[in-house]
Amino acid sequence: MASALKRGLEKWAKNVSGWLGLSLSKEPVPEESLEDLRLAFQNRYHHFKLLLNANNRALEIMTEMEEMLQGTRPFGMSFVRSRCTQVSTSVFQIIQHLDALAPGKYADLYERFRSIQREINPFIHAVRTSSSGPLVVPMDQVDKESGDLVGSKMANLGEVKRRLGVPTPEGFAVTVHGANRFFEENALQEEIDRRVQAVPSDRLDDLFALSAQIQQLVINAPVPQDLREAVEAHVRALKDRIGGRLRFAVRSSSLAEDLPGMSFAGQFRSELNVGEENILQAFKEVVASKYGVTAMTYRLRHGLRDEDVAMGVGCLVMVDAVASGVLYTRNPLNIRDDVLVINAVWGLPKSVVDGSVSPDVWVVSRREPHAVLERRIGEKSVKYVCYPDEGVCRLETAGEESRRACLTDAQVAELVRLALRIEAHYGGAQDIEWALDGSGRFVILQTRPFEGRVSADRPVHVLGEDRGIPKGVQVLAEGGVTASSGAASGPAYVVRRDADALPFPEGAVLVVAQALPRWAPLLGRAAAVVSEQGSVAGHLANVAREFRVPALFGISGILERLEPGHMITVDADQGRIYDGLVPLHVERPHARPALMKGTPVYEALEGVSRLILPLHLLDPESPDFSPKKCRTFHDITRFCHEKAVDEMFRFGSEHRFPQKSAKQLKCRVPMQFWIINLDDGFVDDIDGPYVTLDQIVSVPMLALWQGMTAIPWEGPPPIDSKGFMSILMEATSNPGLDPSVASPYAIRNYFMISKNFCSLQSRFGFHFSTVETLVDERTSQNYTSFQFKGGAADRTRRILRARFVADLLESFDFRCEVREDAAFARLEGRPQDIMVDRLRILGYLIIHTRQLDMVMSNAGSVHRYRTKMLQEIETVRRAEGLVCS
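Below, the structure is looked at part by part.

Calculation rules
- Residue numbers here run from 1 along each chain, matching the order of that chain's written sequence.
- In keeping with the predicted nature of the model, local features appear solely for residues at pLDDT of at least 70, side-chain atom pairs appear and are counted solely at 80 or more, and the whole-chain, interface and lining totals rest on all residues.
- Side-chain metrics in this entry use all non-hydrogen atoms of the structure; hydrogen atoms and water are not considered.
- Helical segments are the DSSP runs of H or I of at least four residues, strand segments are the runs of E of at least two, and each set is numbered from the N terminus.
- A 1.4 Å probe rolled over the protein chains alone gives each residue an accessible area, and that area as a share of the maximum for its type sets the label: buried under 20%, exposed over 50%, partly exposed in between.
- Two residues qualify as a contact provided that any one of their heavy atoms is within 4.5 Å of a heavy atom in the partner residue.
- Note on definitions: salt bridges are taken to be side-chain nitrogens of Lys or Arg within 4 Å of carboxyl oxygens of Asp or Glu.
- Any two rings among Phe, Tyr and Trp, with Trp reduced to its six-membered ring, count as a pair given centres within 6.5 Å; such a pair is stacked if its planes are under 30 degrees apart, edge-to-face if over 60, and tilted if neither.
- Here, a strand pair is defined by DSSP locating no fewer than two bridges between the strands.
- To get an axis, a line is fitted to the C-alpha atoms, and for a helix only the part in contact is used. The angle between two axes follows their N-to-C directions and goes from 0 to 180 degrees.
- Comment on the angle field: the value is read as roughly parallel under 35 degrees, roughly antiparallel over 145, roughly perpendicular from 65 to 115, and oblique elsewhere.
- Crossings are assigned a handedness: left-handed for a near helix turned anticlockwise from the far helix by less than a right angle, right-handed for a clockwise turn.
- Residues are grouped as follows: Ala, Val, Leu, Ile, Met, Phe, Trp, Tyr, Cys and Pro are nonpolar; Asp, Glu, Lys and Arg are charged; every other residue, Gly included, is polar.
- By this rule, a helix spans an expected 1.5 Å times one less than how many residues it contains.
- It is the directions from the helix axis to the C-beta atoms that the arc portrays.

### Points about the overall build of the protein chain
A tally of helices and strands in the protein chain yields 25 helices and 30 strands. By residue count, 56% of the 885 residues in the protein chain fall in the buried class. Within the protein chain, contacts between residues separated by at least 24 positions form 69% of all contacts whose residues are at least 6 apart in sequence.

### A closer look at the pattern of salt bridges
Using the criterion set out here, one finds 42 salt bridges in the structure. Where Glu 285 meets Arg 269, a salt bridge forms, and the shortest distance between an N and an O atom there is 3.7 Å. Note that Glu 285 is positioned in helix 11 (residues 279-288) and Arg 269 in the loop between strand 3 (247-254) and strand 4 (270-275), a separation of 16 residues in sequence. Between Arg 819 and Glu 817 there is a salt bridge whose closest N-O contact spans 2.7 Å. Judged by relative accessible area, which is 8%, Arg 819 ranks as buried. Since its relative accessible area comes to 35%, Glu 817 is described here as partly exposed. Bridged by salt links that share partners, the residues Asp 813, Arg 830, Asp 837, Arg 838, Glu 874 and Arg 877 form one connected network.

### Focus: the packing of aromatic side chains
All told, the structure shown has 15 aromatic pairs when counted by the stated rule. Residues Phe 625 and Phe 639 carry aromatic rings whose centres are separated by 5.3 Å and whose planes lie at 35 degrees to one another, so their mutual orientation is tilted. Of the two residues, Phe 625 is situated in the loop between helix 19 (600-612) and helix 20 (633-654) and Phe 639 in helix 20; the sequence distance between them amounts to 14 residues. For the pair formed by Phe 625 and Phe 639, the shared burial category is buried.

### With respect to the sheet that holds strand 2 (residues 171-174)
The strand order across the open sheet formed by five strands is 1-2-5-3-4, and the pairing between neighbours is antiparallel. Every other strand in the sheet has two partners, leaving strand 1 (136-138) and strand 4 as the edge strands with one partner each. The mean angle between the axes of side-by-side strands here comes to 25 degrees, regardless of whether they run parallel or antiparallel. With seven bridges joining them, strand 3 and strand 5 (residues 311-317) adopt antiparallel strand pairing. For Phe 248, the partnering residue across the bridge sits in strand 5 and is Val 317. Sitting on the sheet, helix 6 (residues 152-164) is in contact with strand 2, strand 3 and strand 5, with an inclination near 115 degrees to strand 3.

### A closer look at the packing of helix 21 (residues 699-709) against helix 24 (residues 832-848)
A pair of packed helices is captured by two measures, namely the crossing angle of their axes and the spacing between those axes. It is the contact of helix 21 with helix 24, at a shortest axis distance of 6 Å, that shows an interaxial angle of 45 degrees. Considering their axes alone, helix 21 and helix 24 lie oblique with respect to each other. Where helix 21 crosses over helix 24, the two elements pack in a sense that is right-handed. Contacts from Val 699, Pro 700, Ala 703, Leu 704, Gln 706, Gly 707 and Met 708 of helix 21 reach helix 24 at Gln 832, Val 836, Leu 839, Arg 840, Leu 842, Gly 843, Tyr 844 and Ile 847. Considered class by class, the residues forming the contact of helix 21 with helix 24 number ten nonpolar, four polar and one charged.

### Focus: the pairing of strand 30 (residues 822-828)
Most of strand 30 is tucked away, with five of its seven residues classed as buried. As judged from the five bridges shared by strand 29 (residues 815-819) and strand 30, these two strands associate in the antiparallel manner. In the sheet register, Arg 815 faces strand 30, and the bridge partner there is Arg 826. Where strand 29 hands over to strand 30, the hairpin turn is made up of two residues, of which Glu 820 adopts a positive phi near 55 degrees.

### Focus: the packing of helix 3 (residues 77-101) against helix 19
Where helix 3 meets helix 19, the axes come as close as 9 Å, and the angle between the chain directions of the two elements is 15 degrees. By the angle between their directions, the pair helix 3 and helix 19 is classed as roughly parallel. The way helix 3 lies across helix 19 gives a crossing that is left-handed. In contact with Met 77, Phe 79, Val 80, Cys 84 and Val 87 of helix 3, helix 19 contributes Val 601, Ala 604, Leu 605, Val 608 and Ile 612. Across the contact of helix 3 with helix 19, the residue classes break down as ten nonpolar, no polar and no charged.

### With respect to helix 4 (residues 108-124)
Between its first and last C-alpha atoms helix 4 spans 25 Å; for 17 residues at 1.5 Å apiece the expected length is 24 Å, and the two agree. Taken together, the buried positions of helix 4 are occupied by Leu 109, Tyr 110, Arg 112, Phe 113, Ser 115, Ile 116, Gln 117, Ile 120 and Ile 124.

### Side note on helix 9 (residues 204-219)
Between its terminal C-alpha atoms helix 9 stretches 22 Å, which fits the 22 Å expected from 16 residues at 1.5 Å a residue. Listed as buried for helix 9 are Leu 204, Leu 207, Leu 210, Ser 211, Ile 214, Gln 215, Val 218 and Ile 219. Projected onto a plane normal to the axis of helix 9, the buried residues spread over an arc of 155 degrees and lie on a single side.

### Looking at the environment of Asn 749
On the secondary structure map, Asn 749 appears in strand 25 (residues 748-753). Its relative accessible area of 1% is what places Asn 749 among the buried residues. Sequence separation of Asn 749 and Phe 673 is 76 residues, and the distance between their C-alpha atoms is 4.8 Å.

### Concerning the sheet that holds strand 8 (residues 360-365)
Think of a sheet as strands paired side by side through backbone hydrogen bonds, with each pair either parallel or antiparallel. In spatial order, the strands read 9-8-7-6-12-13; together these six strands make up an open sheet with antiparallel pairing. Whereas interior strands pair on both sides, the edge strands pair on one side only; in this sheet they are strand 9 (372-376) and strand 13 (442-449). Each adjacent strand pair in this sheet contributes to an overall mean axis angle of 15 degrees, direction not counted. Note that strand 7 (residues 339-346) and strand 8 share six bridges and pair antiparallel. Across the sheet, Val 341 pairs through a bridge with Val 363, a residue of strand 8. Across the sheet, helix 15 (residues 409-426) lies against strand 6 (323-328), strand 7, strand 8, strand 9, strand 12 (430-436) and strand 13, angled at about 40 degrees from strand 13, the strand it touches most.

Structure follows, in structure tokens:
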């Protein structure tokens, strides 16, 4: 915009017959012609204002995308797609409005826009697995090479059976082709994508509602005839081979499940002991669980797209277990320990994986004869068993059974040898779900790799090693089992039901009765997790370790002992909860990295960003500054913005319009300001190239000007050597700050005004400010929008200065947001006197925050300048008698 302003002004100075009011024509402009010109100007100004609005929206979206590229906050494909849609819409509107300003002159922009859009589309349009391929396959034909067909869970089961002869359940798998066939037949994916895109919010209440809608949509859809027939044929084949009435465990097996570092533990649904007549209904419920709240938030945290989680479903003959559980071939809390860890309960493994009981635990040597190093027999108060016909029953256990060990030492050794064979085959630590059937045979239900914690200093066994209690610290609770290592502090937040989870705050300690998988969506915000029941083998424990959230389970009565909101410190390694914030010198596994980087969603954002964010058109005087050279959406916005200003100024040189003129403001300040009267901003028609303040009646401009001039700027703050070097490095590395590049904004700034409207575009040195405001007696229409960006210091100081400005404005009712080194502020719907008062404040800040980025790393200087500015702002406001609340 700056160079366009310069070129426009040069044209006016050369063309005295233009709209500076210096027309040499002796013939008066006919009245009807003059009215036509007024209407033409109003139409042009209308499109110019809409172009600026669309430009601001596009730049705000680009700034948000830049922020997300830091990779530290979770986001999903709905964010990527919605921002691409929004920025595309804004850029297209910019092109349309420029075309209205100069019809047909920049028509090449439409083709450049379409070309860039075509390059963006592959990143945001899902490429899904087709339904062409086998819909159902028997498990005896599945191995690890079948992962893309049946998902990792079923592929691993088939592999250990075919390659090692390990006992696994009989059954078959509905392939990802079969699941996709179901979705295609009912056009489910299109409707799901539409609903997800319409609810981009990550608020849990929105997510619960969306999840319920989508799951019902899937469950109520009919299974296509060819898939139904394929499933029924495999059920009949199993009956012919096994005999009798069959019952099934219907389990998820997605393409993203059971992979290293990404287990999806407990995030999808499993239906146990399902009768053959209900297997298709169970299939739909398992597939629908892809859109459960837990699965959707897990996918979001891991940066997975919807299409990355294509679902297969395993239909396995049910094992009516006497005992069952989970085995880790390495200690999950310290993978260097030369031990295996077994968790076991009576009946089905449900109570282990959902954390509803405290299981038996064995820590066993990996070396023959596999001696038991540690043993803890849990109080197994409940067990899950199969009903004779269908379904699962929860039974209370009492007396001797609840306290008796589920396995003998001989059975422990047998299970260990079986697990080590599986580990050796895969060449890495395994998380194995197992069952002991009525005949005394171990059956493997699931095996997947896991990444345990590596402790560099010492072995950490399941029951931990005491490093003592810090002096002067009160222990609120002690005991339990370390489910995920580390220590963290935060206010206690008790969750008893789903409704309690909705307002769960960032950084709180999650306190629950049972370590259920449905609490997993909260782990992205939790500092730590404490549970009355649960084990290291539960699904919530798995997810806590993946998210690096300290977790301490099995602390009896903790819900009643902790006061909600009270600050506590959880030391999961030592099994203690301390009163208050206690600094502990331990490893911090919960310090989370840039979690999104390297994920499919992040790569999609990276891909579209390359076509949206980079700016290549830097010099408007270059022959390359043309529509055909626009390589990104940012290039198009830059080009259009520059040309829009050029076309606004061109209007006066192309038409004889003496009543509208650009005037230089006569004022006693060492800067040049130019005024463009858009409608009724002057008291009357003004001849000549200058205008004085007493000839201006623009309410918002005068308010800004009063704030800008009330207190003289004292010059840049004193800086230390680090601040100076920061400025020097930034100025030499950033071509946009090169003083050799001509920029009229270095000396000129301009207002576009009417009586109640003002748009200020200003650049003072390396700092850019934009104010757009409408102020009149109609309170509902009043608004002020302020944007502040730039600086000569390094990125960190510029960001701190933007936060400094936003913090000051928030003190005066502005709604503020900081993105990188840009501060955005908005105030609307306030009475005219309040708006005028706040504009004076903005005027003051535009002048007096210059070059403050140089001292932003000095806390003392920041405090002094904040105090000084607040005092001076009150002086400015009192001088006009308008200290408004």
